[in-house]
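Spelled out, the chains give:
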Amino acid sequence: MACASFAKLNAASSQWIGGQQSFSQRNRLSTPRVSVTIRAKAYTDELVQTAKSIASPGRGILAIDESNATCGKRLASIGLDNTEANRQAYRQLLLTTPGLGEYISGAILFEETLYQSTTDGKKFVDCLRDEKIVPGIKVDKGLVPLPGSNNESWCQGLDGLASRSAEYYKQGARFAKWRTVVSIPCGPSALAVKEAAWGLARYAAISQDNGLVPIVEPEILLDGEHPIERTLEVAEKVWSEVFYYLAENNVVFEGILLKPSMVTPGAEHKQKASPETIARYTLTMLKRRVPPAVPGIMFLSGGQSEAEATLNLNAMNQSPNPWHVSFSYARALQNTVLKTWQGHPENIEAAQKALLVRAKANSLAQLGKYSAEGESEEARKGMFVKGYTY
């Protein structure tokens, strides 16, 4: 998405990150301190236990929460129509993979999938439970243009979130996901960052009040030609703002999970960074911004190739970290699976084996024991799409 010129920006609401001016104009030191009594969250112990279960050694999250429209694009890539039956068939393939729970601790579902069953009548939620996999649910309602910004977006879905979350809990979901995005080529503006942080914090508080562990995901898009240093600068500002508002909303840090982007150069930058460089910059950012009370960092792949996402995760686990550093991958777990399946029933077993191969690779990466030796050419193909939407 093209960005407007600097001249069109409203300086009061869309100040650029970086340069000589400070990111935030608020003077927090002058804010009067007020002593208040915070009501204890009814689900606190359960939230902490759920988060710990998902952030367990050698395991990560399978993200299959694509909207029906996005799932349709995936199906179209193998010549299938975007019908409920085809979406169910593909997700049944994934969620009934024998032994998946050895490497996967949580699965993020789209609302349709949360209420679906296998063709034999077994609820998908029960398929996951049998494998000791925690069911999760995407709760945001997608991105829309943010008025007053530099062609940036904000994430909608707070209206009715409490009642929806309560229903998802009854259906078996125990964690939630809310994805908003930050674009470096479009600024990002202070307005867009503040809106992203505040929305994530309100969602997190509402989720916890209804028994769902919130995954906090301000995705910093790969789009752009910027160097890795610029990504680090923006990531530090974004996460600083996010944690400020999480604290303002009395979110229990021990009962959340994070889903950050890795700190990489822009996808169109002329120089590619090594896994070791990406790990160094990413861990620097996390150590500066993320409290050790947070149990798990579950990285998104963001259009990296399957092998690339795994190599970068492995590099981050070569020494102990204050948090469980793992994965919450969609395309980086599913790409080879989908191409192996091709919509043919006779390919289901081979496709499930392909899923286990990728899940095991990322499990080893979480433990810092992965080797890229023997990776296929397909796994090495990048999946970045400029302006990608879910």
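See the structure printed just above.
Residues numbered from 1 in each chain as written. Predicted model: local features only at pLDDT ≥ 70, side-chain atom pairs only at ≥ 80, totals over all residues. Heavy atoms only, no water.

## A word on the side chain of Asp 140
With respect to the helices and strands, the residue Asp 140 is situated in the loop between β3 (134–138) and β4 (143–145). The class of Asp 140 is buried, set by a relative accessible area of 6%. A distance of 3.0 Å separates the side chain of Asp 140 from the side chain of Lys 138, its partner in a polar contact. At 3.0 Å, the side chain of Asp 140 forms a polar contact with the backbone nitrogen of Arg 179. Those residues within four positions of Asp 140 in sequence are excluded, and the remaining contacts are Cys 155, Gln 156, Lys 177, Trp 178 and Arg 179. (Helix = DSSP H or I, 4+ residues; strand = E, 2+ residues; numbered from the N terminus. Buried < 20%, exposed > 50% of the residue type's maximum accessible area, 1.4 Å probe, protein only. Polar contact = N/O pair within 3.5 Å; in protein donor to acceptor, adjacent residues only side chain to side chain. Contact = heavy atoms within 4.5 Å.)

## Some details on the sheet that holds strand β8 (residues 257–258)
Spatially, β1-β2-β3-β6-β7-β8-β9-β10 is the arrangement adopted by the eight strands of the closed barrel, whose pairing is parallel. Direction of pairing for β3 relative to strand β6 (residues 175–182): parallel, over a ladder of three bridges. Among the inter-strand pairings, Ile 137 is bridged to a residue of β6, identified as Ala 176. Along the sheet face, helix α12 (residues 348–366) touches β2 (104–109) and β10 (324–329) and points at about 160° away from the line of β10. (Pairing = 2+ DSSP bridges. Axes fitted to C-alpha atoms, helices over the stretch in contact; angles between N-to-C directions.)

## Some remarks on the pairing of β6
It is a general feature of regular strands that their side chains alternate between the two faces of the sheet. Counted residue by residue, β6 has eight buried out of eight residues, so it is predominantly covered. In terms of strand pairing, β6 meets strand β7 (residues 213–220) through eight bridges, oriented parallel. Each bridged residue has a counterpart across the sheet, and for Val 181 the counterpart in β7 is Glu 219. Between the parallel elements β6 and β7, the chain passes through helix α7 (residues 190–209) in a crossover that is right-handed. (Right-handed = clockwise from strand over helix to strand, strands pointing away.)

## What to know about the environment of Gly 60
Position of Gly 60 among the secondary structure elements: in strand β1 (residues 60–64). Taking the C-alpha atoms as reference points, Gly 60 and Gly 296, separated by 236 residues in sequence, lie 9.6 Å from one another. Ignoring anything within four residues of it in the chain, the contact list for Gly 60 reads Tyr 103, Ile 104, Ser 105, Gly 106, Met 298, Ser 326 and Phe 327.

## As for helix α11 (residues 331–341)
Extensive coverage of α11 is indicated by the burial of nine of its eleven residues. The set of residues buried in α11 consists of Arg 331, Ala 332, Leu 333, Gln 334, Asn 335, Thr 336, Val 337, Leu 338 and Trp 341. Just past α11, the residue Gln 342 takes up positive phi, approximately 60°.

## A look at helix α9 (residues 275–289)
Its 15 residues place the ends of α9 21 Å apart at the C-alpha level, agreeing with the 21 Å of an ideal helix rising 1.5 Å per residue. Within α9, burial applies to Thr 277, Ile 278, Ala 279, Tyr 281, Thr 282, Leu 283, Met 285 and Leu 286. Looking at the buried side of α9, the elements it contacts are α8 (228–248), β9 (296–299) and α10 (306–316). (Expected span 1.5 Å × (residues − 1).)

## Structural notes on the side chain of Thr 264
Relative to the elements of secondary structure, Thr 264 occurs in the loop between β8 and α9. Look at Thr 264 and you get buried, because its relative accessible area is 8%. Leave out the neighbours within four places in its chain, and Thr 264 touches Leu 222, Ile 228, Thr 231 and Ile 278.

## Describing the packing of α9 against α10
Their axes nearest at 8 Å, the elements α9 and α10 cross at an angle of 55°. Compared by their axis directions, α9 and α10 come out oblique. As α9 runs across α10, the sense of the crossing is right-handed. Facing Pro 275, Glu 276, Ile 278, Ala 279, Thr 282 and Leu 283 of α9, the residues of α10 in contact are Leu 311, Asn 312, Ala 315 and Met 316. Within the contact of α9 with α10, the residues separate by chemical class into seven nonpolar, two polar and one charged. (Parallel < 35°, antiparallel > 145°, perpendicular 65-115°, else oblique. Left-handed = near helix turned anticlockwise from the far one by under 90°. Nonpolar A, V, L, I, M, F, W, Y, C, P; charged D, E, K, R; others polar.)

## A closer look at the packing of aromatic side chains
Counted according to the given criterion, the structure contains eight aromatic pairs. Their ring planes at 25° and their centres at 5.4 Å tell us that Trp 178 and Tyr 203 sit as a pair that is stacked. With Trp 178 in strand β6 and Tyr 203 in helix α7, the pair connects residues that are 25 residues apart, well separated along the chain. Accessibility classification places Trp 178 together with Tyr 203 in one group, the buried group. An aromatic cluster is built from Trp 198, Tyr 244 and Tyr 245, whose rings are joined through pairwise contacts. Looking at Arg 174, its charged tip hangs above the ring of Tyr 169, at a distance of 3.6 Å from the centre. (Phe/Tyr/Trp six-rings, centres within 6.5 Å; stacked < 30°, edge-to-face > 60°. Lys NZ or Arg CZ within 6 Å of the ring centre and 35° of its normal.)

## Quick look at the pairing of β7
For β7, the buried fraction is high: eight of the eight residues fall into the buried class. The alternating pattern of β7 places Val 213, Ile 215, Glu 217 and Glu 219 on one face and Pro 214, Val 216, Pro 218 and Ile 220 on the opposite face, and all of these are buried. Relative to β8, β7 is paired through two bridges, and the arrangement is parallel. Looking across to β8, one finds that Val 216 is bridged to Leu 258. The handedness of the β7 to β8 crossover, carried by α8, is right-handed.

## Some thoughts on the packing of α8 against α9
It is the contact of α8 with α9, at a shortest axis distance of 9 Å, that shows an interaxial angle of 25°. Our classification of the angle between α8 and α9 gives roughly parallel. α8 and α9 meet at a crossing whose hand is right-handed. Packed against α8, whose contacting residues are Ile 228, Glu 229, Leu 232, Ala 235, Glu 236, Trp 239, Ser 240 and Phe 243, the element α9 presents Thr 277, Ile 278, Tyr 281, Met 285, Arg 288 and Arg 289 at the interface.

Nothing here speaks to function; it is geometry throughout.
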